[in-house]
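So you can see what is in the structure, the chains are spelled out below.
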Amino acid sequence: MITFGLFIVLIVCVMVMCAMMALQAKWYGIKIVKVIPIAIALVITGVIGSEIWFFIENGAWGGRSFYGAIVFSPVVFVAVALLLKINYSYSLDFVAPSGCLALAIIKIQCLKDNCCIGKVLYQDENFIFVRFPSQIVEMIAFLIPLSVFFQIIIIPL
């Protein structure tokens, strides 16, 4: 079930991804009209893939593991590339920067929902658990390749 907050975050992801892909489209030789279907396909793949991966990890439905978005996107983009008549390898390179940004944005929702709470590091004298900030670390882990990919693509333009 997609909550209203997650729905809003996904809409923001599509808009930001479309803007990023519009900047990249000329460099990859992809027509600008194909940007919106590509962004929507990536977000849908991410949502469904994350729910499937949660099931694989936990044996039950009802959560999300965003590794599924990473695992299933290359498989789904075989069909997307065929339908939109674009080069498959270009399609993956094309969505990599915006996909990294979308995954970083989704971590904002994880912070809000407190779903990825992180491993307990220690418990203080007031019995308060101090946890590893996994959502923040994962967000940074997605922003680092984004900055590298985007510099490689946009700076030469």
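My aim in this report is to walk through the structure given alongside it, one point at a time. Because the structure is a prediction, the values reported are computed rather than measured.

How each quantity is defined
- Within each chain, residues carry numbers counting from 1 in the order of the written sequence.
- Thresholds applied to this predicted model are a pLDDT of at least 70 for local features of residues and 80 or more for the giving and counting of side-chain atom pairs; totals over whole chains, interfaces and linings are not thresholded and use all residues.
- Side-chain numbers here rest on the full set of heavy atoms in the structure, without hydrogens or water.
- Orientation is described by lines fitted to C-alpha atoms, with helices fitted over the stretch in contact, and by angles between N-to-C directions that extend from 0 to 180 degrees.
- Strands here mean DSSP runs of E at least two residues long; helices mean DSSP runs of H or I at least four residues long; both are numbered from the N terminus.
- Throughout this description, any angle smaller than 35 degrees is read as roughly parallel, any larger than 145 degrees as roughly antiparallel, any in the 65 to 115 degree range as roughly perpendicular, and the remainder as oblique.
- Crossings are assigned a handedness: left-handed for a near helix turned anticlockwise from the far helix by less than a right angle, right-handed for a clockwise turn.
- Here, two residues are considered to be in contact whenever any of their heavy atoms come within 4.5 Å of each other.
- Residues are grouped as follows: Ala, Val, Leu, Ile, Met, Phe, Trp, Tyr, Cys and Pro are nonpolar; Asp, Glu, Lys and Arg are charged; every other residue, Gly included, is polar.
- Among the buried residues, those of types Ala, Val, Leu, Ile, Met, Phe, Trp, Tyr and Cys that are joined through side-chain atoms within 4.5 Å form a nonpolar core.
- Throughout this description, buried means an accessible area under 20% of the type-specific maximum (1.4 Å probe, protein chains only), exposed means over 50%, and partly exposed covers the range between.
- Note on ring pairs: Phe, Tyr and Trp rings are taken, using the six-membered ring of Trp, and paired if centres are within 6.5 Å. Classes follow the plane angle, with under 30 degrees stacked, over 60 edge-to-face and the rest tilted.

Some remarks on the packing of helix H1 (residues 4-28) against helix H2 (residues 35-58)
Consideration 1: Interhelical geometry of H1 versus H2 gives an angle of 135° and a closest axis separation of 9 Å. With respect to their mutual orientation, H1 and H2 come out oblique. For the pair H1 and H2, the crossing hand works out as right-handed. Each of Leu10, Val14, Met17, Cys18, Met21, Ala22 and Ala25 in H1 lies in contact with H2, whose residues at this interface are Val35, Ile36, Ile38, Ala39, Ile40, Leu42, Val43 and Val47.
Consideration 2: Of the residues that constitute the contact of H1 with H2, the class distribution is 15 nonpolar, no polar and no charged.

Quick notes on the nonpolar core
Consideration 1: Counting residues in each nonpolar core, the largest one holds 39 residues, and the members touching the most others are Met17, Met21, Ile38 and Phe94.
Consideration 2: For this core, the secondary structure elements donating two or more residues are H1, H2, helix H3 (67-84), helix H4 (88-113) and helix H5 (134-154).
Consideration 3: By residue number, the principal contributor to this core is H1, which donates 11 residues.
Consideration 4: Once you skip the residues sitting within four places of it in the chain, Ile38 turns out to touch Met21, Ile30, Phe77, Val80, Leu84, Ile86, Phe94 and Val95.

Some remarks on the packing of aromatic side chains
When we look at a pair of aromatic rings, we describe it by the centre distance and by the angle of the planes.
Consideration 1: Applying the stated criterion across every chain yields a total of 5 aromatic pairs.
Consideration 2: Here Trp27 and Tyr28 contribute two aromatic rings whose centre-to-centre distance is 5.1 Å and whose plane-to-plane angle is 90°, an arrangement assigned as edge-to-face.
Consideration 3: Exposure remark for Tyr28: the relative accessible area of 11% places this residue in the buried category.
Consideration 4: With a centroid separation of 4.5 Å and an interplanar angle of 15°, the aromatic rings of Phe55 and Trp61 are classed as stacked.
Consideration 5: Through a chain of ring-to-ring contacts, three or more aromatic side chains come together here, namely Trp27, Tyr28, Tyr90 and Phe94.

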